Amino acid sequence: MADFKYIVVGAGMMGAAAARHLSAQTDGVALIGPAEPHDRKAHHGVFSSHYDEARITRGFDGDPVWAELAKRSIARYGEIEARSGVRFYHEVGCLFVGNGKGLGGDYVAGAMREKDRLALDIELYDNAALKPRFPMFALPDDHDGWFEPRNAGYVNPRALVRAQVSLAESQGAALIRETVTRVHDTAAGVEVKTHEGRCYTGEKVIVAAGGFTNMADLLPAKVDMAATGRTIAFFELDERKQQAFSAMPSTIVLAQNADDIVYILPPVRYPDGKVYLKIGGESEKGRLNTLGEAVSWFHSDGTGSEVDFLVRRAIDIMPELSGCPVTSGSCVASITRTGYPYVGYTQSSNIAVLTGGNFVSAKSSDEIGRLGAVLLLDGQLTEADFAAQMAPVFI
């Protein structure tokens, strides 16, 4: 007899959400995954990219699938906060700015088509109106703005995972703080072995290991997904600079090609007690293929040339940042071939996969986790659950 009905491997944003949704409907759920390491640079195991204080959330999106995933997740933020007692959502709004050309123009055109279907309240600003409304920015004269003031802003991913795990445990899920190294079928069910030397069995297992999905023996075949390192830069704000940026929304500066797009988080207080404004981009494409490569990347402070680029872009857009102390960090984006999360079964009818955030999934992680739970409970996704779009691609 198996130890559990369902085992979720990976206690990050998607895995924790899947465990919450599963345990709300059935008993026999286990969530297996390590806690955040106390010392990032001394840790040599797996990491998670939710080890941060802010991720942008918004419904305004040029892709209808991602827009719907976000809408469904955002609608549940209040319930999750109320039931868990953990605050993770900050409704500061989200601003897109750009000149309407190239890739950025196509994105906004798609998002504007979706806004009516999703009943989004979007405020439009031409350049003349943009400057007085958002005085913290010094944008080019050809840039306009699209601002989503409600149901948008940022989530604290650490806190969101904490809320999801707390609710899953309160619903009877077992939290096992170990690192899974192998998942495979046996005559008695699916066997899950951990680095700590223990073995657990489940009737069905879903692997939600993020960028580490292909870096251990977790699936019968690897998914077609690239784990790519991304660099982020942090500007430390003193009290005067905090005041200057106090009314800032989460912001995405669009461009004609993807490599020039940057996202900016408003001032957020971090665990060290300091307040930082964070900026990141999408230009890095380097793949991390092994656990060793991933660990080395997480130990690093990112790529120096990318830090320089981000600092220049930030000061161009927000001159008040000039002179602020700058630090940097690293995270990992899991990019699938389809551009959507993989939510489906592998070659085994007992082992499923839930992965592929594509650098935009934090805001939508609750709905993605729900889809993972539906997959295990019902055996399949329906078209209403984006079955075709979420189908995993294997290599």
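Coordinates for the structure precede this section.
Residues numbered from 1 in each chain as written. Predicted model: local features only at pLDDT ≥ 70, side-chain atom pairs only at ≥ 80, totals over all residues. Heavy atoms only, no water.

Engineer: Which residues make up the environment of Y270, and what values go with them?
Structural biologist: Relative to the assigned elements, Y270 resides in the loop between β15 (262-269) and β16 (275-281). Residue classification places Y270 among the buried residues on the basis of a relative accessible area of 12%. The spatial distance from the C-alpha of Y270 to the C-alpha of L354 is 29 Å, given a sequence separation of 84 residues. Contacts of Y270, omitting those with residues within four sequence positions, involve D52, E53, A54, F234, Y276 and K278. (Helix = DSSP H or I, 4+ residues; strand = E, 2+ residues; numbered from the N terminus. Buried < 20%, exposed > 50% of the residue type's maximum accessible area, 1.4 Å probe, protein only. Contact = heavy atoms within 4.5 Å.)

Engineer: Quick rundown of the environment of G302? Include the residues and the values.
Structural biologist: When you line up the elements, G302 lands in the loop between α8 (291-299) and α9 (304-317). Put simply, G302 and G329 are 27 residues apart on the chain and 5.4 Å apart in space, counted from C-alpha to C-alpha. Not counting residues within four places of it along the chain, the set of residues in contact with G302 comprises T231, W297, G329 and S330.

Engineer: Mind laying out the packing of aromatic side chains, listing which residues take part and the relevant values?
Structural biologist: Tallying each qualifying case throughout the model produces 13 aromatic pairs. On the numbers, 4.6 Å between centres and 10° between planes, the contact of F47 with F298 is stacked. Taken as a pair, F47 in the loop between β2 (29-32) and β3 (55-57) and F298 in helix α8 lie far apart in primary sequence, 251 residues in all. Taken individually, F47 and F298 each receive the classification buried, so the pair is uniform in this respect. Look at Y270 and Y276: their rings are 5.5 Å apart centre to centre, the planes differ by 90°, and that puts the pair in the edge-to-face class. Through a chain of ring-to-ring contacts, the aromatic side chains of F47, F212 and F298 assemble into a single cluster. Against the face of F359 rests R230, its NZ or CZ located 4.4 Å from the ring centre. (Phe/Tyr/Trp six-rings, centres within 6.5 Å; stacked < 30°, edge-to-face > 60°. Lys NZ or Arg CZ within 6 Å of the ring centre and 35° of its normal.)

Engineer: Any chance you could break down the sheet that holds β16 for me, citing the residues and the numbers?
Structural biologist: Pairing within the open sheet is mixed, and its 8 strands lie in the order β6-β7-β5-β14-β15-β16-β13-β17. This sheet does not close on itself; its edge strands, each paired only once, are β6 (123-125) and β17 (326-336). On average, each strand axis in the sheet is tilted by 20° relative to the strand beside it, whichever way the strands run. As paired elements, strand β5 (residues 94-98) and strand β7 (residues 144-148) share 5 bridges and run antiparallel to each other. Bridge pairing in β7 links L95 to F147. This element, α8, spans β13 (225-237) and β17 of the sheet and lies at about 150° to β17. Across the sheet, α9 touches β13, β14 (250-253), β15, β16 and β17, and the angle it forms with β13 is around 50°. (Pairing = 2+ DSSP bridges. Axes fitted to C-alpha atoms, helices over the stretch in contact; angles between N-to-C directions.)

Engineer: Can you explain the environment of V155? Please cite residues and give values.
Structural biologist: Relative to the assigned elements, V155 resides in strand β8 (residues 153-155). When the C-alpha positions of V155 and R55 are compared, they lie 5.3 Å apart, and in sequence the two are 100 residues distant.

Engineer: Hey, could you go over the side chain of S365 for me, with residue numbers and the actual values?
Structural biologist: Its location among the elements puts S365 in helix α10 (residues 365-378). Its relative accessible area of 1% is what places S365 among the buried residues. Aside from chain neighbours lying at most four places away, what touches S365 is M13, M14, A17, S73 and L160.

Engineer: Kindly report on the sheet that holds β3, identifying the contributing residues and their values.
Structural biologist: One open sheet accounts for 3 strands, arranged β3-β8-β4; its pairing is antiparallel. Only two strands of the sheet have a single partner each, and these edge strands are β3 and β4 (89-90). The pairing of β4 with β8 spans 2 bridges and is classified as antiparallel. Its bridge partner being in β8, Y89 is matched across the sheet by V155.

Engineer: Could you give me a rundown of the pattern of salt bridges, with the residues and numbers involved?
Structural biologist: Considering all chains together, one arrives at 29 salt bridges under this definition. K5 serves as the salt-bridge partner of D27, at 2.8 Å between the closest nitrogen and oxygen. Residue D27 is located in the loop between α1 (13-23) and β2, and its partner K5 is located in strand β1 (residues 4-9); the two are separated by 22 residues in the primary sequence. Between D366 and R76 there is a salt bridge; the shortest N-O distance is 2.5 Å. Taken together, the residues span a long stretch of sequence, with D366 in helix α10 and R76 in the loop between α2 (64-74) and α3 (77-84) at a distance of 290 residues. By relative accessible area, D366 is classed as buried at 2%. Put simply, R20, E68, R72, R76, E114, R117, D366, E367, R370 and D385 are held in one network by salt bridges that share partners. (Salt bridge = Lys/Arg side-chain N within 4 Å of Asp/Glu carboxyl O.)

Engineer: Help me get a handle on the side chain of T251, residues and values and all.
Structural biologist: With respect to the helices and strands, T251 occurs in strand β14. A polar atom in the side chain of T251 sits 3.0 Å from the backbone oxygen of P249. (Polar contact = N/O pair within 3.5 Å; in protein donor to acceptor, adjacent residues only side chain to side chain.)

Engineer: Break down the pairing of β13 for me, with residues and values.
Structural biologist: Counting buried residues along β13, 12 of its 13 residues qualify, which places the element largely inside the surrounding structure. Sheet analysis places β13 next to β16, joined by 6 bridges and oriented antiparallel. When the sheet's bridge partners are listed, I232 is paired in β16 with G280.

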